[in-house]
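Descriptive analysis of the structure
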Amino acid sequence: MKILVAIKRVQDYNVKVRPKSDGSDVDIDGVKMGINPFDENALEEALRLREQELATEITVVSIGDSKNEDVLRHGLAMGANRAILIESEESLQPLGVAKVLKGLVEKEKPDLILLGKLALDSDAGQTGQMLAGLLNYPQGTFVSKIEIDNNNKLIVTREIDGGTNILEMNIPAVLTADLRLNEPRFVKLPNLMMARKKIIEKIKVSELASDTSTKLELLEVSVPPSRKAGIKVSSVKELLEKLKDKEGIKL
């Protein structure tokens with residue numbers, strides 16, 4: 001079984017980002033960047049499937065400029081067999097990313113496509129679902145457990161509001177990883193050094209998708225307003241009076 005894992009370069013999850021002074025976008029100049037945590041869970045699960053001899057080849061792919069090579073080398077250091085950089089100077093939105101990944105899936109023909117359930121920078125959580133729709137593949141989102149039965153079917157446990165949901169699906173499929181799926185392995189320095197010598201395949205974004213144009217316009221980025229201080233009341237009666245005065249509630 002061949003597995004394709006999409007990974008994204010985002011700001012470190014410990015970093016609190018700020019808008020640019022003109023409000024045009026988020027300011028990431030000088031900000032520590034790295035692999036999206038949910039994508040790292042997806043890659044870890046692919047590695048575990050290979051260790052169980054359920055997978056033979058793992059390919060990591062990222063979309064962006066040459067800066068994205070660092071997350072691809074991180075993937076190689078973790079244990080991926082191959083790395084592909086889809087070269088794009090534009091920041092693609094989820095639909096554009098899904099179209100590009102669709103083109104790569106049709107080219108590489110993997111049996112399983114793994115992604116993080118969302119990216120820390122956009123927090124959209126849409127790419128996996130859109131990719132499955134474009135490919136007409138079964139999908140499992142917010143996955144916390146993956147099993148493959150004797151009939152080569154996927155048994156997927158999903159995190160949902162109020163509990164879990166278990167799905168059975170055929171391969172090929174698209175799955176998006178939740179943090180509860182696993183604990184990613186620690187990458188040792190010698191592995192990182194060896195990953196620097198490995199070849200990263202490069203493909204132009206135009207070779208995989210003809211239309212990745214954005215459908216949305218970013219108007220402004222701003223910090224959420226500070227929450228106003230609350231007040232204390234001495235009784236339920238006083239609380240009701242305050243609510244009536246403030247909200248115009250008829251009691």
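The coordinates are above.
What comes next concerns the included structure. (Residues numbered from 1 in each chain as written. Predicted model: local features only at pLDDT ≥ 70, side-chain atom pairs only at ≥ 80, totals over all residues. Heavy atoms only, no water.)

Another aspect to go through is empty space enclosed by the protein. As enumerated under the stated definition, the model contains one cavity of 30 Å³ or more in all. Considered as a void within the structure, the largest cavity measures approximately 40 Å³ in volume. Forming the boundary of the largest cavity are Lys2, Ile3, Leu4, Glu57, Thr59, Arg82, Glu108 and Pro110. Residue contributions to the lining of the largest cavity peak at three residues, all from strand S1 (residues 2-6). (1 Å grid on protein atoms, 1.4 Å probe; cavity = no way out; pocket = protein on both sides within 12 Å on 5 of 7 lines; lining within 4 Å. Points joined across faces, edges and corners; volume = space filled by probe spheres on them. Helix = DSSP H or I, 4+ residues; strand = E, 2+ residues; numbered from the N terminus.)

What follows is about the nonpolar core. The nonpolar side chains of a soluble globular protein tend to be buried, and buried together. Counting 36 residues, the largest nonpolar core has Ile3, Val5, Leu112, Leu114, Leu154 and Leu175 as the members making the most contacts within it. With residues near it in sequence (within four places) discarded, leucine 112 still touches Met1, Lys2, Ile3, Leu4, Leu49, Leu154, Ala173 and Leu175. One finds Leu4, Val61, Leu135 and Ile203 within the second-largest nonpolar core, a separate group that totals 22 residues. (Core = buried A, V, L, I, M, F, W, Y, C linked by side-chain atoms within 4.5 Å. Buried < 20%, exposed > 50% of the residue type's maximum accessible area, 1.4 Å probe, protein only. Contact = heavy atoms within 4.5 Å.)

A few words now on the layout of surface pockets. Considered as a void within the structure, the second largest pocket measures approximately 710 Å³ in volume. At the level of elements, strand S5 (33-35), helix H1 (37-51), helix H2 (69-78) and helix H5 (189-195) are the ones that each hand at least two residues to the lining of the second largest pocket. Classifying every residue of the lining of the second largest pocket by side-chain character gives 13 nonpolar, six polar and eight charged. (Nonpolar A, V, L, I, M, F, W, Y, C, P; charged D, E, K, R; others polar.)

As for its placement among the helices and strands, threonine 141 is situated in strand S9 (residues 139-148). Judged by relative accessible area, threonine 141 falls into the buried class, the value being 8%.

We now examine the packing of helix H3 (residues 94-108) against helix H4 (residues 127-135). Where H3 meets H4, the axes come as close as 8 Å, and the angle between the chain directions of the two elements is 50°. Looking at the two axes, H3 sits oblique to H4. Our pair here, H3 against H4, has a crossing hand that is right-handed. Along the contact surface, H3 presents Pro94, Leu95, Val97, Ala98, Lys99, Leu101, Lys102 and Val105, while H4 presents Thr127, Met130, Leu131, Leu134 and Leu135. Along the lines of polarity and charge, the residues of the contact of H3 with H4 split into 10 nonpolar, one polar and two charged. (Axes fitted to C-alpha atoms, helices over the stretch in contact; angles between N-to-C directions. Parallel < 35°, antiparallel > 145°, perpendicular 65-115°, else oblique. Left-handed = near helix turned anticlockwise from the far one by under 90°.)

Taken in spatial order, the nine strands make up an open sheet running S11-S10-S9-S12-S8-S1-S6-S7-S13, and their pairing is mixed. The strands lining the two open edges of the sheet, one partner per strand, are strand S11 (163-169) and strand S13 (201-204). Sheet twist, expressed as the average angle between the axes of neighbouring strands with direction ignored, equals 35°. When strand S7 (residues 82-87) meets S13, the two strands line up parallel, connected through four bridges. Looking at the pairing, glutamate 87 lines up with lysine 204 of S13. The strands touched by H4 are strand S8 (112-116), S9 and strand S12 (173-177); relative to S12, the strand with the most contacts, the crossing angle is about 180°. (Pairing = 2+ DSSP bridges.)

Quick reminder: α-helices carry 3.6 residues per turn. Residues three or four places apart thus point the same way. The terminal C-alpha atoms of H1 lie 21 Å apart, and with 15 residues this matches the ideal 21 Å at 1.5 Å per residue to within 8%. The buried fraction of H1 amounts to 12 of the 15 residues, a majority that puts the element mostly inside the structure. Every buried residue of H1 is listed here: Pro37, Phe38, Asp39, Glu40, Asn41, Ala42, Leu43, Glu44, Glu45, Ala46, Leu47 and Leu49. Looking one or two residues past H1, glutamate 53 carries a phi angle of roughly 65°, positive in sign. (Expected span 1.5 Å × (residues − 1).)

What follows concerns the packing of H1 against H2. In the contact formed by H1 and H2, the axes pass within 10 Å of each other and the chain directions differ by 30°. Taken together, the axes of H1 and H2 lie roughly parallel to each other. Judged by the sense of rotation from one axis to the other, the crossing of H1 with H2 is right-handed. Taken together, the residues of H2 that come into contact with H1 (itself represented by Glu40, Leu43, Glu44 and Leu47) are His74, Gly75 and Met78. Per-class residue counts for the contact of H1 with H2 are three nonpolar, two polar and two charged.

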